[in-house]
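# Fold and geometry: a report
In case you want the letters, here they are:
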Amino acid sequence: MWDNITCWKPARVGEIVLVSCPKFFQIFDPDQVWETETIGELGFEDIKSLDLSGMRVVSRNCTKDGWSETFPHYLDACGFDEYNESESGDQNYYYMSVKALYTVGYSTSLVSLTTAMVILCRFRKLHCTRNFIHMNLFASFMLRAISVFIKDWILYEEQDNNHCFISTVECKAIMVFFHYCVVSNYFWLFIEGLYLFTLLVETFFPERRYFYWYTMVGWGSPTICVSVWAALRLYFDNTGCWDMNDSTPLWWVIKGPVVGSIMVNFGLFVGIIFILVQKLQSPDMGGNESSIYLRLARSTLLLIPLFGIHYTIFAFSPEYVSKRERLVFELGLGSFQGFVVAVLYCFLNGEVQAEIKRKWRSWKVNRYFAVDFKHRHPSLASSGANGGTQLSILSKSSSQIRMSGLPADHLAT
């Protein structure tokens, strides 16, 4: 008899059939060792002599009226007890805590990266190859944060909805976009490391000519990797929403380039640290030994978030190893990486701060002359274009007067 859960083999009246718990109950207790074969037909005497302690089995009695009810019930015998319910509740609380942590992290990163992008795009003096690469890295972090929010919105919008059974074209397209953003972020971290290493090694480096190839690698290579993965997934493992990666060979189409970029970046990181040690120890640098190590430590700490060195910790470990630690480290703490990069390479950048201060002083001077001009010449101040033209002339002339009044040696500095 098939009871919609497991199959009961024929038995004679008076016999008791013992069947081990069906395999799908492993979901509730994966650490338990499970038997999958039917134990067989036993009499009452055999049941008494059989040690059932620790065995996850259900039984039915074959009577003249047919099969009896299962004893014990499937939910009681196969691991779905109060302990597992409480453990499942703790696990859900843990996952919700991680989700809240990376939601705060990605939101903080998105706001800070957007502000940094506006600053770098707004000021023309900050337009150079180095900052263009920074801007592409910022954009990849922003896309990664946005894709995470979209993915969570599609898969986990309703708590009662089981995302394992979602299999729509829109959902799969979102997962393709999500993987593209993640891979692009790793590749732009690799380009940042490659660019810095090349600057230190090459004496004459045509930055603008190489920027085109940087762009092709940063945005083009992930397109190829994710497109190949999507095509293979469509033909060989077109199940669910493509958010589960049970097929390891297909997953390595994406994971392989990511792991490769992480390890190459780690090699570039070690090479750059070696070059910095040599430069700091040269007689031309000056300073005592403690100051040299202090500068080296500061340079190393600045490079770690830019190169994504923290990803090397779990780069080669399987997905199921240290799953909780991986989630906290890569999702929770990793979500703040964009914020750290924006702070270190934009907000704390001396060149950016100097340009912002210059614009602030210029705005204050223009505002001062605008107010002064309005008080001295109210009729001209209200005359539109003519007043604006005279105001700009006054601003230029005043700056020239102030510059001419400075000593020559101060200008030289």
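Fair warning: this is a prediction, and the values are worked out from it, not measured in the lab.

## Examining the pattern of salt bridges
Counted by the stated rule, this structure contains five salt bridges. Between lysine 151 and aspartate 152 there is a salt bridge whose closest N-O contact spans 3.5 Å. Given the relative accessible area of 7%, aspartate 152 is considered buried. One salt bridge in this structure joins glutamate 355 and arginine 358, with 2.8 Å as the shortest N-O distance. Here the residue glutamate 355 and the residue arginine 358 both occupy positions in helix H11 (residues 350-376), the gap between them amounting to three residues, near one helical turn. Among the residues examined, glutamate 355 registers a relative accessible area of 7% and is labelled buried.

## Concerning helix H6 (residues 207-236)
For H6, built from 30 residues, the straight-helix expectation of 44 Å at 1.5 Å per residue is met to within 8% by its first-to-last C-alpha distance of 43 Å. The sharpest bend along H6 reaches about 30 degrees and sits at glycine 220, with the proline proline 222 one to four residues further on. Of all the positions in H6, only Tyr214, Gly218, Trp219, Pro222, Cys225, Val226, Trp229, Ala230 and Arg233 are classed as buried. At its buried positions, H6 is contacted by helix H4 (129-155), helix H5 (169-201) and helix H7 (248-280).

## Describing the pairing of strand S3 (residues 57-63)
The buried fraction of S3 amounts to five of the seven residues, a majority that puts the element mostly inside the structure. Looking at chain direction, S3 and strand S4 (residues 66-67) are connected through two bridges and run antiparallel. Bridging from a neighbouring strand, cysteine 62 pairs with tryptophan 67 of S4. Here S3 folds back onto S4, and the loop between the two strands holds two residues.

## A few points about the confidence of the model for the protein
Here the protein averages 75 in pLDDT, while 68% of its residues score no lower than 70. Looking at the elements of the protein, mean pLDDT is at its lowest for helix H14 (residues 408-412), recorded as 37, and at its highest for H4, recorded as 92. Considering only residues more than four positions removed or in separate chains, one finds that residues 33-49, a stretch of pLDDT under 50, has 36 contacts. Note on residues 380-413: pLDDT under 50 across the span, and 18 contacts to partners over four residues away in sequence or across chains.

## Looking at the pairing of strand S1 (residues 16-20)
Burial of S1 is extensive: five of the five residues sit out of reach of the surface. Neither face of S1 is left uncovered, since the one carrying Ile16, Leu18 and Ser20 and the one carrying Val17 and Val19 both have all their residues buried. By the bridge criterion, five bridges tie S1 to S3 in an arrangement that is antiparallel. Residue pairing across strands places valine 19 opposite valine 58, the latter belonging to S3.

Conventions we followed
- Residues numbered from 1 in each chain as written.
- Predicted model: local features only at pLDDT ≥ 70, side-chain atom pairs only at ≥ 80, totals over all residues.
- Heavy atoms only, no water.
- Salt bridge = Lys/Arg side-chain N within 4 Å of Asp/Glu carboxyl O.
- Buried < 20%, exposed > 50% of the residue type's maximum accessible area, 1.4 Å probe, protein only.
- Helix = DSSP H or I, 4+ residues; strand = E, 2+ residues; numbered from the N terminus.
- Expected span 1.5 Å × (residues − 1).
- Bend = angle between axes of the 7 residues up to and from the residue.
- Contact = heavy atoms within 4.5 Å.
- Pairing = 2+ DSSP bridges.
- pLDDT = per-residue confidence, 0-100.

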